[in-house]
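The primary structure of each chain is shown beneath.
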Amino acid sequence: MTQTTAEFAPQPGAVLALRDDLALVLAPNPSAMTGPGTNTYLLGHDRIVVIDPGPAIPAHLDAVLQAIGGRVVDHILVTHSHLDHSALAPALAAATGAAICGFGGPAAGRSAVMSMLAARGLTGGGEGIDPDFAPDRTLADGDGLQGDWGRITAIHTPGHIGNHLCFAWGDVLFSGDHVMGWASSLVSPPDGDLTDFMASCLKLQGVPATCLYPGHGAPVLDPQARLAWLIGHRLQREAQILAALAAGPATARDVTAFVYKDLSPLLAKAAERNVLAHLIDLHGKSIVAATPGICEGAVFHLHLGGLPPVTGI
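Residues numbered from 1 in each chain as written. Predicted model: local features only at pLDDT ≥ 70, side-chain atom pairs only at ≥ 80, totals over all residues. Heavy atoms only, no water.

Undergrad: Can you lay out unusual backbone geometry for me, pointing to particular residues and giving the numbers?
TA: Between Pro-189 and the following residue, Pro-190, the backbone shows a cis peptide bond with an omega angle of 5°. Structurally, the position occupied by Pro-190 is in the loop between β11 (172–176) and α5 (194–204). The amide bond that connects Thr-291 to the next residue, Pro-292, takes the cis arrangement and shows omega of 5°. Inspection of the secondary structure puts Pro-292 in the loop between β14 (288–291) and β15 (299–302). With a phi close to 65°, Asp-21 is a non-glycine residue in the positive phi region. (Helix = DSSP H or I, 4+ residues; strand = E, 2+ residues; numbered from the N terminus.)

Next comes the structure, spelled out in C-alpha cells:
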C-alpha cells in the first residue's frame, strides 16, 4: 500500500498508514511556518525507527507512544534542530530507551560565512532553534543504519539549516524541511545558507527517489519536478532582487518590499530573511557589495563599472 497525495488527510494524534511498514502521526502544531503540523514518521514493523519526533507537546508524545505500542524503537532520527522537529526527542528517548541520531548540534554544518556572521551577532529569524539539541549519535553524509526495517542512509543537505539531514530508505527519501510540496523552504541566516541550499538541491537531484516524505505536508510524488521547481524559484527570486538593486542601493527590507507584493504580515520577517540569504549568496559571488559589510541592516548595491568586490564582511 502506498499513500497518495489526494488521500493524505492526517488528523493530529491519529496514525496514518502511508505504505507497508511506514506510518505517520501528525503533531498538533499547525501554523504559517509548519503547514498542517509536523510529520512524525514511524518506520518498520516489529522493531521501528522514529523520524522527527516533533515539538515538545505532551499530547503528541502520548500519541507517538500509543502508535509505537509495545514495539522496540531502535533509533530516533532527527532531520534538523528546529524545535518543531527535535524538541520532543529527549522525552521520547527517555520513554523508549532509543538513541537520538542527527548530524550534530545547532551550529553543526554551518558554513564559514554564516559562522562569522553568527560570531558577529547576527541571529536567526522565522523559526525556533533548539539550543539544547545534542544527538547521542552523530551521522555524517553517507552514514547508514541497518536493521529489521532495512537500510537508512543519511544525506547531509545544509541550506535550511547547517545540520539538516535527509534520510534515504529504499526508493523513498525523508526530506525534512529541505523539500516540501506545499511551500518553499525558509532560508534564514545565519542558520540558513542559500549557497548551501542550492548545492543541496543539486545533490538531491542525483538521488533516485520515487517519493519524498517531507517534514510538513503531503508526500511529494515527483521529486525531480519539485527539485527543478525549487531551483527555478530561487533563480527567479534572485532575478527579482537584482532588478530591485538595479534601481539603486537598498537594504534587505527595501528589497523585500520591492519583490513581495501584498505580503501577509505573518510572513514578512521570513520573506526578509529569505531576501537577506539571497543577498549574502550574491555577495559571495561578488555580484553585489554591502555597506558597511554584511549585516541585517546593510545597504546592498550592484557591482557596476568594474567596482572591485568587497572582501570583508
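Undergrad: Can you lay out the packing of helix α7 (residues 252–259) against helix α8 (residues 268–284) for me, pointing to particular residues and giving the numbers?
TA: As a packed pair, α7 and α8 sit with axes 9 Å apart at the nearest point and diverge in direction by 110°. The angle between α7 and α8 places the two elements in the roughly perpendicular class. For the element pair α7 and α8, the recorded crossing hand is right-handed. Where α7 abuts α8, its residues Ala-252, Arg-253, Val-255 and Thr-256 lie against Ala-271, Glu-272, Val-275, Leu-276 and Leu-279. Residue composition of the contact of α7 with α8, grouped by class: six nonpolar, one polar and two charged. (Axes fitted to C-alpha atoms, helices over the stretch in contact; angles between N-to-C directions. Parallel < 35°, antiparallel > 145°, perpendicular 65-115°, else oblique. Left-handed = near helix turned anticlockwise from the far one by under 90°. Contact = heavy atoms within 4.5 Å. Nonpolar A, V, L, I, M, F, W, Y, C, P; charged D, E, K, R; others polar.)

Undergrad: An account of the environment of Arg-237 is requested, with residue identities and associated values reported.
TA: Counting through the fold element by element, Arg-237 comes out in helix α6 (residues 223–246). Relative accessible area serves as the criterion here: at 15%, Arg-237 is assigned to the buried category. In this structure, Arg-237 is in contact with Val-259, Tyr-260 and His-278, ignoring residues within four places of it in sequence. Reaching out from Arg-237, the side chain makes a polar contact with the side chain of Tyr-260 at a distance of 3.3 Å. (Buried < 20%, exposed > 50% of the residue type's maximum accessible area, 1.4 Å probe, protein only. Polar contact = N/O pair within 3.5 Å; in protein donor to acceptor, adjacent residues only side chain to side chain.)

Undergrad: Got a sec to walk through the nonpolar core? Specific residues and values, please.
TA: Side chains that are nonpolar tend, in soluble globular proteins, to be buried together. Leu-43, Leu-77, Phe-167 and Phe-174 are the most contacted members of the largest nonpolar core, which totals 24 residues. Of all the elements in the fold, those that place two or more residues in this core are β1 (15–19), β2 (22–26), β3 (39–44), β4 (47–51), β9 (150–156), β10 (165–169), β11 and β12 (211–214). Setting aside anything within four residues of it in sequence, one finds Leu-43 in contact with Asp-21, Leu-22, Ile-48, Val-49, Ile-51, Trp-149, Ile-152, Trp-169 and Phe-174. (Core = buried A, V, L, I, M, F, W, Y, C linked by side-chain atoms within 4.5 Å.)

Undergrad: Residues and numbers for the sheet that holds β15, please.
TA: The strands that make up a sheet pair up through hydrogen bonds in the backbone, lying either parallel or antiparallel. On the basis of which strands lie adjacent, the open sheet formed by three strands has the order β13-β15-β14 and antiparallel pairing. If you trace the sheet from one side to the other, it starts and ends with β13 (250–251) and β14, each paired once. With respect to the sheet, α6 is in contact with β13, β14 and β15, its orientation differing from that of β15 by roughly 95°. (Pairing = 2+ DSSP bridges.)

Undergrad: Explain the sheet that holds strand β5 (residues 72–77) to me, and be specific about the residues and the numbers.
TA: Within the open sheet, the seven strands sit side by side as β1-β2-β3-β4-β5-β6-β7. Their pairing is mixed. The sheet is open, and its two edges are formed by β1 and β7 (137–138), each paired on a single side. The pairing of β2 with β3 spans five bridges and is classified as antiparallel. Its bridge partner lying in β3, Leu-22 is registered against Leu-43.

Undergrad: Break down the packing of α5 against α6 for me, with residues and values.
TA: Close contact between α5 and α6 brings their axes to 10 Å; oriented N to C, the two are set at 155°. By the angle between their axes, α5 is roughly antiparallel relative to α6. The crossing of α5 and α6 is left-handed. Residues Leu-194, Phe-197, Met-198, Cys-201, Leu-202 and Leu-204 of α5 touch α6, and the partners they reach there are Gln-224, Leu-227, Leu-230, Ile-231, Arg-234 and Leu-235. In terms of residue class, the contact of α5 with α6 is built from ten nonpolar, one polar and one charged.

Undergrad: Quick rundown of the packing of aromatic side chains? Include the residues and the values.
TA: Scanning the entire structure with this criterion turns up four aromatic pairs. Pairwise contacts between aromatic rings join Tyr-41, Trp-169, Phe-174 and Tyr-213 into one cluster. Lying over the aromatic face of Phe-197, Arg-234 brings its terminal NZ or CZ to 5.3 Å of the ring centre. Here the guanidinium or amino end of Lys-261 rests over the ring plane of Phe-258, the centre of that ring lying 5.2 Å away. (Phe/Tyr/Trp six-rings, centres within 6.5 Å; stacked < 30°, edge-to-face > 60°. Lys NZ or Arg CZ within 6 Å of the ring centre and 35° of its normal.)

Undergrad: Explain the pattern of salt bridges to me, and be specific about the residues and the numbers.
TA: If you walk through the whole model with that rule in mind, you get nine salt bridges. The residue Arg-110 makes a salt bridge to Asp-191 at a minimum N-O spacing of 2.7 Å. Placement of the pair is Arg-110 in the loop between β6 (99–102) and α4 (112–119) and Asp-191 in the loop between β11 and α5, with a sequence separation of 81 residues. A salt bridge links Lys-203 to Asp-141; the nearest nitrogen and oxygen atoms lie 3.0 Å apart. Placement of the pair is Lys-203 in helix α5 and Asp-141 in the loop between β7 and β8 (144–147), with a sequence separation of 62 residues. Accessibility expressed as a relative area gives 42% for Asp-141, which makes it partly exposed. One connected set of salt bridges, linked through shared partners, spans Glu-238, Asp-281 and Lys-285. (Salt bridge = Lys/Arg side-chain N within 4 Å of Asp/Glu carboxyl O.)

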